[in-house]
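Chain residues, written in single-letter form:
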Amino acid sequence: MSDRDDTFTLYDLRVEVVATDRPMVCNHREGDYFELSGENLSMPTGQTFPIYPLAAILPLLPAKQRETEPNDWMTTDMDIACPDSNCGGLFRITRTGKRTFRHGEVTLVPLRTADA
Ligand SMILES: [Zn+2]
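These remarks concern the structure in this document.

Focus: the nonpolar core
Next up, step 1: Among the nonpolar cores identified, the biggest contains seven residues, and these are L13, V15, V17, L36, I57, F91 and I93.
Next up, step 2: When contributions to this core are tallied by element, the ones reaching two or more residues are strand 1 (7–18) and strand 5 (90–102).
Next up, step 3: Per element, the largest residue contribution to this core is three residues, and it comes from strand 1.
Next up, step 4: In this structure, I93 is in contact with L13, V15, L60, K64, M78 and I80, ignoring residues within four places of it in sequence.

Below, the structure is given as structure tokens:
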């Protein structure tokens, strides 16, 4: 174990169901949400979240967890449409805070040394 600083920062995320003027078809209700911290997804006790919209949202989350450039659409766009084209539900991804992690605690792959 090195004394080298191996910390990095990720955003904590909240993904919340937002209603539109179209009815929601899937089993998600306005205000339902889940949160992501590092690799851990959590949701309120007893609440469920349908797998089809979850599958559509998941690929975006690692990018949203990381710092992005101000002009990048990933920075500005936060509403994801439900993949069911008949469903009016949106999923709003909000960065709720920053959390610090240590490289050595999340992977066994060593950091490269400065002269590598
Ligand atoms: Zn839906």
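Structural notes on the pairing of strand 1
Next up, step 1: Across 12 bridges, strand 1 lies against strand 5 in antiparallel orientation. Looking at strand 5, one finds that D12 is bridged to G97.
Next up, step 2: The pairing of strand 1 with strand 2 (residues 33–37) spans four bridges and is classified as antiparallel. Looking across to strand 2, one finds that L13 is bridged to L36.

With respect to the environment of T9
Next up, step 1: Inspection of the secondary structure assignment puts T9 in strand 1.
Next up, step 2: Linking T9 and F34, residues 25 residues apart in sequence, is a C-alpha distance of 20 Å.
Next up, step 3: Once you skip the residues sitting within four places of it in the chain, T9 turns out to touch K98, R99 and T100.

As for the environment of D3
Next up, step 1: Structurally, the position occupied by D3 is in the segment before strand 1.
Next up, step 2: Separated by 40 residues in sequence, D3 and M43 have C-alpha atoms that sit 36 Å apart.

Brief notes about the sheet that holds strand 4 (residues 79–81)
Next up, step 1: If you trace the five strands from one edge of the open sheet to the other, you get 3-2-1-5-4, paired in antiparallel fashion. Bordering the open sheet on either side are strand 3 (40–42) and strand 4, each of which pairs with just one other strand. Pairwise comparison of adjacent strand axes, ignoring direction, gives a mean angle of 25° for this sheet.

Let's talk about the environment of A55
Next up, step 1: With respect to the element layout, A55 can be found in helix 1 (residues 51–57).
Next up, step 2: Note on A55: 10 C-beta atoms within 10 Å, which makes it exposed.
Next up, step 3: Along the chain, A55 and P83 lie 28 residues apart, while their C-alpha atoms are 9.0 Å from each other.

Calculation criteria
- Each chain carries its own residue numbering, running from 1 in the direction its sequence is written.
- Totals for whole chains, interfaces and linings use every residue, but because this is a predicted model, local features are given only for residues with pLDDT of at least 70 and side-chain atom pairs only at 80 or more, for both listing and counting.
- The nonpolar core is taken to be a set of buried Ala, Val, Leu, Ile, Met, Phe, Trp, Tyr and Cys residues joined by way of C-beta atoms within 7 Å.
- Three classes are used. A residue is buried when 20 or more other C-beta atoms lie within 10 Å of its own, exposed when 12 or fewer do, and partly exposed in between, with C-beta atoms placed from the backbone.
- Helix and strand assignments follow DSSP, with helices taken as H or I runs no shorter than four residues and strands as E runs no shorter than two, numbered in order from the N terminus.
- The contact rule is simple: place each C-beta atom from the backbone, and if two of them lie within 7 Å, those residues are in contact.
- Between any two strands, pairing holds if DSSP finds at least two bridges.
- Note on definitions: angles span 0 to 180 degrees between N-to-C directions of axes, and those axes are lines fitted to C-alpha atoms, for helices only across the stretch in contact.

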